[in-house]
Amino acid sequence: MGDMWSQLGDLLSSEFAKLTPAEWLDRHQAVHQRTLNVSRTRNRYTILLGRTTHLAYHLGQAILVKR
């Protein structure tokens, strides 16, 4: 299982490295262009951070339920 996580981390790192800093600040596909025009914080980078934080929150809930 640890090897699988390592492979996933390597894959994500290589894919993330393909984006330039400017591309990270571009519109995410899930965000309408009008929304991005109003709020520049709705970009690829912040969407990734938000989704990762959301998953971490639920992981914490699952760990607490096991106790």
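Throughout what follows, the structure given in this document is the object of discussion.

Each value, and the rule that gives it
Residues numbered from 1 in each chain as written. Predicted model: local features only at pLDDT ≥ 70, side-chain atom pairs only at ≥ 80, totals over all residues. Heavy atoms only, no water. Helix = DSSP H or I, 4+ residues; strand = E, 2+ residues; numbered from the N terminus. Rg over C-alpha atoms; globule rule 2.2 N^0.38 Å. Buried < 20%, exposed > 50% of the residue type's maximum accessible area, 1.4 Å probe, protein only. Areas by Shrake-Rupley, 256 points an atom, 1.4 Å probe, with all protein chains shown as cover. Lys, Arg positive; Asp, Glu negative; His and termini not counted. Charge placed at Lys NZ, Arg CZ, Asp CG, Glu CD. Contact = heavy atoms within 4.5 Å.

### Regarding the overall build of the chain
Step number 1: Broken down by element type, the chain carries four helices and zero strands.
Step number 2: When the helices and strands of the chain are listed from N to C terminus, the series reads α-α-α-α.
Step number 3: Here the C-alpha atoms of the chain give a radius of gyration of 15 Å, more than 25% beyond the 11 Å that 2.2 N^0.38 yields for 67 residues.
Step number 4: Viewed in the frame of its principal axes, the chain has a C-alpha envelope of about 45 × 30 × 15 Å.
Step number 5: Within the chain, buried positions represent 9% of all 67 residues.
Step number 6: Counting every atom, the chain has about 5,800 Å² of accessible surface; 63% of that belongs to carbon and sulfur.
Step number 7: Charge-centre separation for the chain: the mean point of 9 positive side chains lies 14 Å from the mean point of 5 negative side chains.

### Examining the environment of Glu 23
Step number 1: For Glu 23, the position within the fold is in helix H2 (residues 21-24).
Step number 2: Assessed through its relative accessible area of 29%, Glu 23 is described here as partly exposed.
Step number 3: Along the primary structure Glu 23 and Asn 43 are separated by 20 residues, whereas in three dimensions their C-alpha atoms are 9.1 Å apart.
Step number 4: Discounting chain neighbours no more than four positions away, the residues touching Glu 23 are Lys 18 and Arg 44.

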